Amino acid sequence: MVHYKVSAPGKIILHGEHSVVYGKDALVSAIGLRTNLEIKETDSEVIFIDFPSLKFQLEIPLIKVNEFLVNSDGTIENVKDFVENQFKRSNETENNTLVALFYVLKKAFGNEKVSKAFDLSVKTDLRIGGGSGSSAAFGVSIATGFLLLTGKMKENTLDHEMISNLAFESERVIHLNPSGVDNTICTYGGLLKFAKGKGFSKLTIPKQLNILIVDTGVSRSTAKLVSQVRDLHEGFPILFDNIFESMNILVQEAIKKYSEFNGDITDIEKLFEINSGLLTTIGVSHPSLEEIYKISRKNNFSSKLTGAGGGGYAIVILPSDYKNKENFENLISELNEAGFETTETVIGGG
Ligand code: MEV
């Protein structure tokens, strides 16, 4: 009987969030924080789901799962009421996470009868709705687990394209109109240049580049922020097209600077500052992100939001010798005192 452990990394968008929705390039990196899934086939007639990170457990008969119907337009019927009754969460992203699970499960079985029961546990280091790819790492993990369960994919010949495509379906349920950047980086890992509908290319950085991830603790909905930007774009199309093109030019400059990185972060810091300003201009900043920006500047560091904004995570670029620097200690203690959790990581890791 099938028994697998699967793991997928979270991600940060270094540059290109939001403009990537409009076909522009983004520069993205996997991070060391991960989502881990365990799936064990059972001979029961009941599926058991355990999400310790969401403090949630559910038993659901196979017969009930087979009442859920996947439509050709990408929607799933009979699930929403069931999920809302069982899950009882006010947070839409969390509710949609469970809807996505059933959607991906049905899709993995080719929309045929789900014929195998299983115990499933999903644990994550990532904060749900925080902007570090929690939903995409979840999508990649369940897509991989369910494809292995159905036997459509074998452990020693993982089909990354198949995984990423199925994880994208999960992202669509959770975020409505995603660019596909998150499921791509959480499937392939490393450091990627990505453009919607055009695919991705792998990049390398010659020297280790460190980054600090700062959690505002503020949850937000990617779907809402993307639609807020869409409304502004509709109101001021020429202005916003030009801002998105500026973001695209910034990504090309960033690719050059990261690819030639020799330990000097001066130019990358400048790009962080400019990118931060552009993201504030399109209205996706938040008082908590502005506070992180101010604390960073005060201590001579540069930060920007990462992902959809509106809260979630910020990133601070760090010099190679940051551990010996007094201002780094001050930065961490001031961020922590203000209530922000910090995690050090390396770009291209995960
Ligand atoms: C979310 O991580 C990144 C956004 O650009 C949305 C997307 O690309 O789907 C804000």
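Going by the structure above, here's the rest.
These numbers were taken from a predicted model, which means no experiment stands behind them.

Draft legend 1. Highlighting unusual backbone geometry. Unusually for a residue other than glycine, Asn111 sits at a positive phi of about 65°. The class for Asn111 is exposed, based on 12 C-beta atoms found within 10 Å.

Draft legend 2. Structural context of the site of the ligand. Looking at the ligand, there are 13 residues lining it, with Glu17, Pro178, Ser179, Gly307 and Ala308 nearest. For the shell around the ligand, the secondary structure elements donating two or more residues are α6 (181-188) and α7 (222-235). Its residues assigned to classes, the shell around the ligand comprises seven nonpolar, four polar and two charged. When residues of the shell around the ligand are assigned to domains, at least three map to each of domain 1 (3-201) and domain 2 (205-346).

Draft legend 3. Main features of the nonpolar core. Residues Val28, Val104, Ala143, Ile211, Val214 and Val316 are the most contacted members of the largest nonpolar core, which totals 101 residues. Both domains that furnish three or more residues to this core are identified here as domain 1 (3-201) and domain 2 (205-346). If we ignore the near neighbours within four places in the chain, the residues touching Val104 are Gly139, Ile142, Ala143, Phe146, Leu166, Glu169 and Ser170.

Draft legend 4. Quick peek at the sheet that holds strand β13 (residues 341-346). Taken together, four strands build an open sheet; the order of strands is β11-β12-β10-β13 and the sheet is antiparallel. The open sheet has two edge strands, β11 (302-306) and β13, and neither has a second partner. Sheet twist, expressed as the average angle between the axes of neighbouring strands with direction ignored, equals 30°. Judged from the six bridges that link them, strand β10 (residues 210-215) and β13 form a sheet pairing that is antiparallel. Looking across to β13, one finds that Ile213 is bridged to Thr343. Packed onto the sheet, helix α9 (residues 266-281) meets β11 and β12 (313-318) and runs at close to 45° relative to β11.

Each value, and the rule that gives it
- Residues numbered from 1 in each chain as written.
- Predicted model: local features only at pLDDT ≥ 70, side-chain atom pairs only at ≥ 80, totals over all residues.
- Buried ≥ 20, exposed ≤ 12 C-beta atoms within 10 Å, placed from the backbone.
- Near = placed C-beta within 6 Å.
- Helix = DSSP H or I, 4+ residues; strand = E, 2+ residues; numbered from the N terminus.
- Nonpolar A, V, L, I, M, F, W, Y, C, P; charged D, E, K, R; others polar.
- Domains from an automatic or database assignment.
- Core = buried A, V, L, I, M, F, W, Y, C linked by C-beta atoms within 7 Å.
- Contact = placed C-beta atoms within 7 Å.
- Pairing = 2+ DSSP bridges.
- Axes fitted to C-alpha atoms, helices over the stretch in contact; angles between N-to-C directions.

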